[in-house]
Amino acid sequence: MATLYDPSRDELAALLEGEPRYRLDQLWHGLYEQRSTPAELTTLPKALRTRLDADLPLALEPVTESVSDDGLTVKWLWKLADGSQIETVLMHYPDRSTVCVSTQAGCAMACGFCATGQAGFERNLSVGEIVEQVVRASRVAAEGEPARRVSNIVFMGMGEPLANVDRVLGAVHRIHGDLGLSARHLTISTVGIVPGINRLALEPLPVNLAVSLHAANDELRDELVPINRRYPLADLYAACEAYLTVKNRRISFEWAMIDGVNDRASDARELAAAARSLRAHINLIPLNATPGWPTKGTPAERVASFRDQLEDLGANATVRANRGNEIDAACGQLRANQEIAVAAPRRRALPH
Ligand code: SAH
């Protein structure tokens, strides 16, 4: 069933057939500029509000809302109509407010160190289910003290965005065109689905691409990011190169720092070489603990020295600040159903 933010403007027009033409503008303005529900749109006649509420329900029912980092990070666990659960995180920074959205319930990519990957795949989210995460978080940001405007969206929540590329691009257009965020402030993060990257390269909107690299040789990447067996590094780098040629927008590489696994001098050399040749920016992510992955994260001082090594090798690297750790909202910790028993990791953790 369609939810409130699923229909396009034309589809909403069809739903409003028989109503005066200005009703469409009123409804669209209410949903996308005021971020209101039909019930709240008192400019609409009561009977119409009631009908819209019944025909186009909200997609997300809050299960929990957790706040951390002195109110600067908020995480929601939402229940969808079919009972599956997803998470959304709102993060306030001095210069921006960012929403991290989920694109799938669960994930099929099975990266062993990621909680969502450990729990397996349920289903793709619809355009409306993705867009509504932004709307709901924006509203909370706007109603906060101080009021804040959401400026950035990262498609880095649960799921693999480029394994649900049609809906993700549908959501990107809605967020850019209708919610009014700049496409330059939207970032799609991928495990490296080559056809999806090629598809993104054809999109006219200047969204950012982040690639979860984590290893820069196939042997290690096959272990850490199993989809590498289908799209090995040579193919992934070629797709990045083509993307860069067409879009001329800087790619970023994400690298979760795993103690003794991908933080050696040889890793720095391989990563720096790849980043230099693609002019990519490297984002080092301190590994966050998850239930099904025994190997620890690299200690902070060695994360810093790894960054220094990368810089010495001529690559640009920054360490990503951790957010929402105590509410399990940090990178890789999002997992819909905390009750899901985590089976033994599909892939053995690598020895130290
Ligand atoms: N499927 C997309 C989006 C997922 S999450 C992707 O893989 O890019 C965003 C980032 O968090 C990815 O780089 C992912 O590899 C990283 N991540 C996953 N688990 C993590 C963990 N336990 N600690 C730190 N980063 C993690």
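Quantities reported herein were computed from a predicted structural model and do not represent experimental measurements. Numbering of residues starts from 1 in every chain and runs along the sequence as written. Restriction of local features to residues with pLDDT of at least 70 applies here, the model being predicted, together with a cutoff of 80 or more for giving and counting side-chain atom pairs; totals for whole chains, interfaces and linings are based on all residues. Values reported for side chains reflect all heavy atoms of the structure, with hydrogen atoms and water molecules removed beforehand.

Student: Give me the lowdown on the domain arrangement of the chain, citing residues and values where you can.
Tutor: Residue ranges for the domains trace back to a domain assignment, done automatically or taken from a database. Assigned domains within the chain: domain 1 (9–55) and domain 2 (61–349). Just the C-alpha atoms count here: the centres of domain 1 and domain 2 sit 34 Å apart. In this analysis, two residues are considered to be in contact whenever any of their non-hydrogen atoms come within 4.5 Å of each other. Contacts between domain 1 and domain 2 engage six residues on the former and eight residues on the latter. Throughout, buried area stands for the accessible area (probe radius 1.4 Å) lost by two parts on being put together, summed over both. In total, domain 1 and domain 2 occlude about 690 Å² of area from one another, counting both sides; carbon and sulfur atoms represent 48% of this. Sorting the residues of domain 1 by area buried against domain 2 places W28, Y32 and R35 first, and these three jointly supply 82% of that buried surface.

Student: So what's going on with the packing of helix α5 (residues 127–143) against helix α6 (residues 165–178)? Which residues, and what values?
Tutor: Axis separation between α5 and α6 bottoms out at 8 Å; the angle between their running directions is 40°. By the angle between their directions, the pair α5 and α6 is classed as oblique. As for how α5 packs across α6, the hand of that crossing is right-handed. Of the residues in α6, those in contact with V127, I130, V131 and V134 of α5 are R167, V168, G170, A171, R174 and I175. Angles here are taken between N-to-C directions and fall from 0 to 180 degrees, while the axes themselves are lines fitted to C-alpha atoms, restricted in helices to the stretch in contact. Numbering goes from the N terminus for both helices and strands, where a helix is a DSSP run of H or I of at least four residues and a strand is a run of E of at least two. Roughly parallel means an angle under 35 degrees; roughly antiparallel means over 145; roughly perpendicular covers 65 to 115; every other angle is labelled oblique. If you view the pair so one helix is near and one far, a crossing is left-handed when the near helix is turned anticlockwise from the far one by less than a right angle, and right-handed when it is turned clockwise.

Student: Summarise the sheet that holds strand β1 (residues 61–68); cite the residues concerned and give the values.
Tutor: Reading across the sheet, the 10 strands line up as β1-β2-β3-β4-β7-β8-β9-β10-β11-β12 and stay open at both edges, with mixed pairing between neighbours. The open sheet has two edge strands with one neighbour each: β1 and β12 (316–319). The mean angle between the axes of side-by-side strands here comes to 20°, regardless of whether they run parallel or antiparallel. Note: two strands are recorded as paired if DSSP finds a minimum of 2 bridges between them. In the sheet, strand β10 (residues 252–257) pairs with strand β11 (residues 281–286) via six bridges, with the strands oriented parallel. Counted as the bridge partner of W255 is L284 from β11. Sitting on the sheet, α5 is in contact with β1, β2 (73–79), β3 (85–92), β4 (97–100) and β7 (152–155), with an inclination near 40° to β3.

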